[in-house]
Amino acid sequence: MYEKMSIEEVVENLKVDLKEGLTKEEVEARAKKYGYNEVPEKKENPYIKFAKKFWGLTAWMLEAVIVLSYILHKYLDMYIIAALLLVNAVIGFMQEERASKAVEALKQRLRINARVLRDGKWQLIPARELVPGDVIRLRAGDFVPADVKLVEGEVEVDQSALTGESLTVAKKKSDMLFSGSIVKSGETTAVTVLTGANTYFGKTTELVQLARPKLHAEEVTSQVVKWLLIIVSIALLVAFSVSYMMSINLIEVVSLALVLLASSIPVALPAMFTISMAIGSMELAKKGVLVTRLSAAEDAATMDTLCLDKTGTITMNKLSITDVIPMEGFTENEVLLYGALASQEANHDPIDLAFLKAVEERGISLEGYLQKVFHPFDPKTRRTEAVIEREGKTFKVIKGALNVIAELTKEDEKALNDKAMNFAEKGYRTLAVAMGESDENLKIVGLVALYDMPRPDAKKFIEELKSLGVSIKMLTGDALPIAKETASQVSIGDKITNAQEFRELVEKDPEKAAMIAEESDGFAEVYPQDKYSIVKSLQKRGHIVGMTGDGVNDAPSLKQAEVGIAVSTATDVAKGAASVVLTGEGLSNIVDLVKTGRMIYQRLLTWIFNKVVKTFQIVVFVVVAFLLTKKFIVSAFDVILLMFVVDFVTLSISTDNARWSKDPDTWDVKGIVLSSMLLGILVVIESLIILYIGMRYLGLNTDYNLLRTYSFSILFYFGIFTVFVVRERGHFWESIPSKSLLYTVIADLIVVTILVSVGIPGVKPIPITHTATVITLSLLFSFLVNDPVKYLMLRRKSLKSV
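Quick caveat, the model's predicted, so the values are computed rather than measured.

A.B. asks: With reference to specific residues and values, describe the pairing of strand β19 (residues 545–549).
C.D. replies: Buried residues dominate β19, accounting for five of its five residues. Both faces of β19 are covered, namely the face carrying Val545, Met547 and Gly549 and the face carrying Gly546 and Thr548. As defined by bridge partners, strand β9 (residues 305–309) adjoins β19 across three bridges and the pair is classed as parallel. Bridging from a neighbouring strand, Cys307 pairs with Met547 of β19. Of the strand pairs in this sheet, β19 and strand β20 (residues 563–566) are connected by four bridges, and their pairing is parallel. Bridge assignment links Gly546 to a residue of β20, and that residue is Val563.

Printed below as a string of structure tokens:
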């Protein structure tokens, strides 16, 4: 109904004062009546989510083993396998719920904010607190948080997310803007008419829309599964063939074969990815980095190129006027006055604020001047302009890029550039201010130098990023001399390219353009569309690209980059497109992101490395021992029990004190598996040596049940000690494990040592001297033989981290 109503009718209907906004009491009353400006999110039933844990390849295989165990009357095996299935389901469900809550907590910190007029003052509040009657301010880059009626100003909006229209739509005074639209240009004051479930489209648009690309977790898991199944399938084929030739009842080995196959599938790897990235995301949140897509933290580990916006990231983003050159017939104060009249505080534009601050500091009064029309800065026009009324007369004031204003005023651009060059050599930004009664008689009144100082810590963090193997590219819309000066001050490099040169090559010779993007240290006079092209060009050269941005037009490049980083001052659109949002200023947060991402990668690599070694050891050791002794030296129960007691340790790797690597990481699963297999072969040989000692010198050859417990001990202790071998890419003593990992291992060792010494149904106790023999030999083999071999192997394969 509000679409057909006039502004006066809307104001009367909602009982609001457009100059003062709603009062605190009115807001409270309407909040009780209309509720929050949101629609409750539909969430999957937790019972259904838990039930899904019993559906899938791994669950099916374990369920098949339970059925076979029942058929073969191996009830103890059946109970243990059922317990493992249940525990895995419970742990997986709980960890996913915890990770989901962690991400939701981060999302709560990124909800849309709205600029609202209440009690006569403009305030920034969460959009969910808007009520009908609230007067709000919208500008380029904002999501429209509710259905609103425009009361002044004109805007271009993108309604594609709501209507499917690809072209922007012009909206003027008295038009309606619908919740979920995006303001592309212009600025407006509007009154809120409908909120929450009452909006035209039935919901409030949220800022954080989690992107769902194919995650590394899925790809890596599938590759690991493929390799492990190849290993297990070959080993089991040999076992089945030998069993057939020896006339062994094949039904007897089916249960063990299925368990070995199930044990080879990295059941916990998806959970390991989720837990590791959730923990990493929480660590980053404490440092001011909000991850809106869990995989983004891990993506940062592989990032080798980072495109940085100069303004606000490298520099302070707090412009101040440092020099003024008035033209003939004008004073410095007049230049600042006209520049301030072409500004508006409500925009929070840094240049506008710099002019307003300058006139305030100099005591220049703006009283008596009425700003009748105001057009904020637009990247297309590169200027702001306003129509001013004073004592019944109107005139126009404009401020903007020197070349743009020179063209408008038809003045000598070369002479102006000569004056601006002196500013540029100092790293200043030059703007021209013009005024006149109309567009035809505009005249430049002066040039103004603004300077955005590099952050005090920018040079230090850029050098640190470079030391981490990340190539830095500075992108700025400033002129080439200013870009070179800034790049020089923070040690980025001196190869700064004019974006015009790159822009032309993108169309004519994309390959050459990509080479220029790769070889350049930065780009000057960059337009928003250039950023997207630069990211694409770098990706064509095989780089994993990070991109910082803050504006509406940065959204495509933020979305295109593997690691899209919205800075703390970014618009809602930029934050929505990015996978990481910084809450602090400067580069320290990005350094934290890279380091934490690489720590997550190292934890995941440790888990995969350990899983492959452990699987190879279990399967090959069992099969080779069977070929040598004609006996299965471990039972299905033993293998399931082994999986049960070791799973706790492998999950706790996600909290380990991993060290970040000095270079960007890469997921070379084939290389990781082959390296793991080499270590696995060594562990199998050592396991067979310990088995031989037990059978030859400890008298285990005569008691099959004792031999099984002894073999179980070999597999367990090697599995535990191997964790400490593979968790460190250097020698095992070079870093200390986390308390969580260490305590879990100690608890595991105590429990299992008691278990094999005292015994439980299905596990016959062995003498403590036998257990001590296994512990001593597996400890010596792991740390005196396997660790040096691992160190040399990884060093040779360039997998060593530090």
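A.B. asks: So what about unusual backbone geometry? Which residues, and what values?
C.D. replies: Even without a glycine there, the phi angle at Asp119 is positive, about 55°. Tracing the chain through its elements places Asp119 in the loop between β1 (113–118) and β2 (121–126). Note on Asp119: relative accessible area 43%, which makes it partly exposed. Here Ser174, not a glycine, exhibits a phi torsion of approximately 85°, which is positive.

A.B. asks: How would you sum up a nonpolar patch on the surface? Please name residues and give values.
C.D. replies: Together, Leu742, Tyr743, Ile746, Ile750, Ile754 and Val758 make up an exposed nonpolar region whose accessible area comes to about 580 Å². Tracing the backbone shows Tyr743 in helix α27 (residues 739–758).

A.B. asks: Give a description of the pattern of salt bridges that names residues and reports values.
C.D. replies: When their charged atoms lie close together, side chains carrying opposite charge are able to pair. Counted by the stated rule, this structure contains 24 salt bridges. Of the charged contacts in the structure, one is a salt bridge between Glu464 and Lys595, with a shortest N-O distance of 2.4 Å. Taken together, the residues Glu464 in helix α16 (residues 458–467) and Lys595 in helix α23 (residues 588–629) connect sequence positions 131 residues apart. Classification of Lys595 by relative accessible area gives buried; the value is 16%.

A.B. asks: Now, about the sheet that holds strand β10 (residues 320–326): what can you tell me, with residues and values included?
C.D. replies: As summarised here, the arrangement of the six strands in space is β10-β15-β14-β13-β12-β11, forming an open sheet in which the pairing is antiparallel. Two strands in the sheet have a free side with no partner beyond their single neighbour: β10 and β11 (370–378). For this sheet the average axis-to-axis angle between neighbouring strands, irrespective of direction, equals 20°. Direction of pairing for strand β13 (residues 393–401) relative to strand β14 (residues 429–436): antiparallel, over a ladder of six bridges. Across the sheet, the residue bridging to Val397 is Met435, located in β14. Contacts from helix α14 (residues 402–409) reach β12 (383–390), β13, β14 and β15 (443–451), with the element oriented near 140° to β13.

A.B. asks: Lay out helix α13 (residues 350–362) with the relevant residues and their values.
C.D. replies: The terminal C-alpha atoms of α13, which comprises 13 residues, lie 18 Å apart, in line with the 18 Å expected from a rise of 1.5 Å per residue. Taken as a whole, α13 has its buried residues at Ile351, Asp352, Ala354, Phe355, Leu356, Ala358 and Val359.

A.B. asks: Describe the nonpolar core, listing the residues and the values that go with them.
C.D. replies: Formed by 118 residues in total, the largest nonpolar core has its most connected members in Leu306, Ile608 and Leu691. Among the elements that make up this core, the one with the highest residue count is α23 (22 residues). Apart from residues lying up to four places away in sequence, Leu306 is in contact with Leu465, Val470, Ser471, Ile472, Lys473, Gly546, Met547, Thr548, Ile565 and Ile590. Membership of the second largest hydrophobic core comes to 40 residues, among which are Val335, Ile364, Ala386 and Leu402.

A.B. asks: Report on the confidence of the model for the protein, specifying residues and quantitative values.
C.D. replies: Detailed reading of the predicted coordinates is not advisable wherever pLDDT falls low. Scored by pLDDT, the protein has a mean of 82; 88% of the residues are at 70 or more. Mean pLDDT values over the elements of the protein span from 53, in helix α6 (residues 160–163), up to 94, in helix α12 (residues 332–341). In this model residues 203–215 is a low-confidence stretch, pLDDT under 50, and it forms 34 contacts with partners more than four residues away in sequence or in other chains.

A.B. asks: Give me the lowdown on the packing of aromatic side chains, citing residues and values where you can.
C.D. replies: Counted under the stated rule, the structure contains ten aromatic pairs. Taken together, the aromatic side chains of Phe716, Tyr717, Phe721, Phe732, Trp733 and Phe783 make up a single cluster linked through ring pairs. Sitting over the face of the ring of Tyr36, Arg128 holds its NZ or CZ atom 3.8 Å from the ring centroid. Its guanidinium or amino end placed over the ring of Tyr369, Arg390 lies 4.5 Å from that ring's centre, counting from NZ or CZ.

A.B. asks: Would you mind going over helix α25 (residues 669–697) in detail, with residue names and values included?
C.D. replies: Compared with the 42 Å implied by 1.5 Å per residue over 29 residues, the 41 Å span of α25 between its first and last C-alpha is a close match. A positive phi of about 70° marks Gly699, the residue just after α25.

A.B. asks: Help me get a handle on the packing of α16 against α23, residues and values and all.
C.D. replies: The axes of two packed helices give the description: the angle between them and the distance between them. With their axes 9 Å apart at the nearest point, α16 and α23 run at an angle of 20° to one another. With respect to their mutual orientation, α16 and α23 come out roughly parallel. The crossing of α16 and α23 is left-handed. Along its contact with α16, which presents Phe461, Glu464 and Leu465, the element α23 presents Ser588, Ile590, Val591, Val594 and Lys595.

A.B. asks: Could you give an account of the side chain of Asp134, naming the residues involved and the relevant values?
C.D. replies: Inspection of the secondary structure puts Asp134 in the loop between β2 and β3 (135–139). Take Asp134: its relative accessible area is 0%, and that puts it in the buried class. Looking at Asp134, its side chain comes within polar contact range of the main-chain nitrogen of Val131, at 3.0 Å. Ignoring any residue separated from it by four or fewer positions in sequence, one finds Asp134 in contact with Leu22, Val27, Val116, Arg118, Glu129, Ala190, Val191 and Thr192.

A.B. asks: Mind laying out the packing of α27 against helix α28 (residues 768–796), listing which residues take part and the relevant values?
C.D. replies: Contact geometry of α27 with α28 gives a least axis separation of 9 Å together with a crossing angle of 140°. One finds that α27 runs oblique with respect to α28. Crossing handedness for the pair α27 and α28: right-handed. Along the contact surface, α27 presents Thr753, Val756 and Ser757, while α28 presents Ile768, Thr771 and Ile775.

A.B. asks: Quick rundown of the sheet that holds β20? Include the residues and the values.
C.D. replies: Within the open sheet, the eight strands sit side by side as β8-β21-β20-β19-β9-β16-β18-β17. Their pairing is mixed. Edge positions in the open sheet fall to β8 (289–291) and β17 (496–498), since each of these has one partner strand only. Across the sheet, the mean angle separating the axes of adjacent strands is 20° when strand polarity is ignored. Each of β16 (471–475), β17 and β18 (522–524) touches helix α19 (residues 510–519); the most contacted strand, β16, lies at about 105° to it.

A.B. asks: Any details on a negative patch on the surface? Residues and values, ideally.
C.D. replies: On the surface, Asp17, Glu20, Glu25, Glu28 and Asp119 cluster together to form a negatively charged patch. Its location among the elements puts Glu20 in the loop between α1 (7–14) and α2 (24–34). Glu20 sits in the partly exposed class, given a relative accessible area of 40%.

Thresholds, definitions, all that
Residues numbered from 1 in each chain as written. Predicted model: local features only at pLDDT ≥ 70, side-chain atom pairs only at ≥ 80, totals over all residues. Heavy atoms only, no water. Buried < 20%, exposed > 50% of the residue type's maximum accessible area, 1.4 Å probe, protein only. Helix = DSSP H or I, 4+ residues; strand = E, 2+ residues; numbered from the N terminus. Pairing = 2+ DSSP bridges. Patch = residues over 30% accessible without salt bridge, like charges linked within 9 Å, V, L, I, M, F, W, Y side chains within 5 Å. Areas by Shrake-Rupley, 256 points an atom, 1.4 Å probe, with all protein chains shown as cover. Salt bridge = Lys/Arg side-chain N within 4 Å of Asp/Glu carboxyl O. Axes fitted to C-alpha atoms, helices over the stretch in contact; angles between N-to-C directions. Contact = heavy atoms within 4.5 Å. Expected span 1.5 Å × (residues − 1). Core = buried A, V, L, I, M, F, W, Y, C linked by side-chain atoms within 4.5 Å. pLDDT = per-residue confidence, 0-100. Phe/Tyr/Trp six-rings, centres within 6.5 Å; stacked < 30°, edge-to-face > 60°. Lys NZ or Arg CZ within 6 Å of the ring centre and 35° of its normal. Parallel < 35°, antiparallel > 145°, perpendicular 65-115°, else oblique. Left-handed = near helix turned anticlockwise from the far one by under 90°. Polar contact = N/O pair within 3.5 Å; in protein donor to acceptor, adjacent residues only side chain to side chain. Lys, Arg positive; Asp, Glu negative; His and termini not counted. Charge placed at Lys NZ, Arg CZ, Asp CG, Glu CD.

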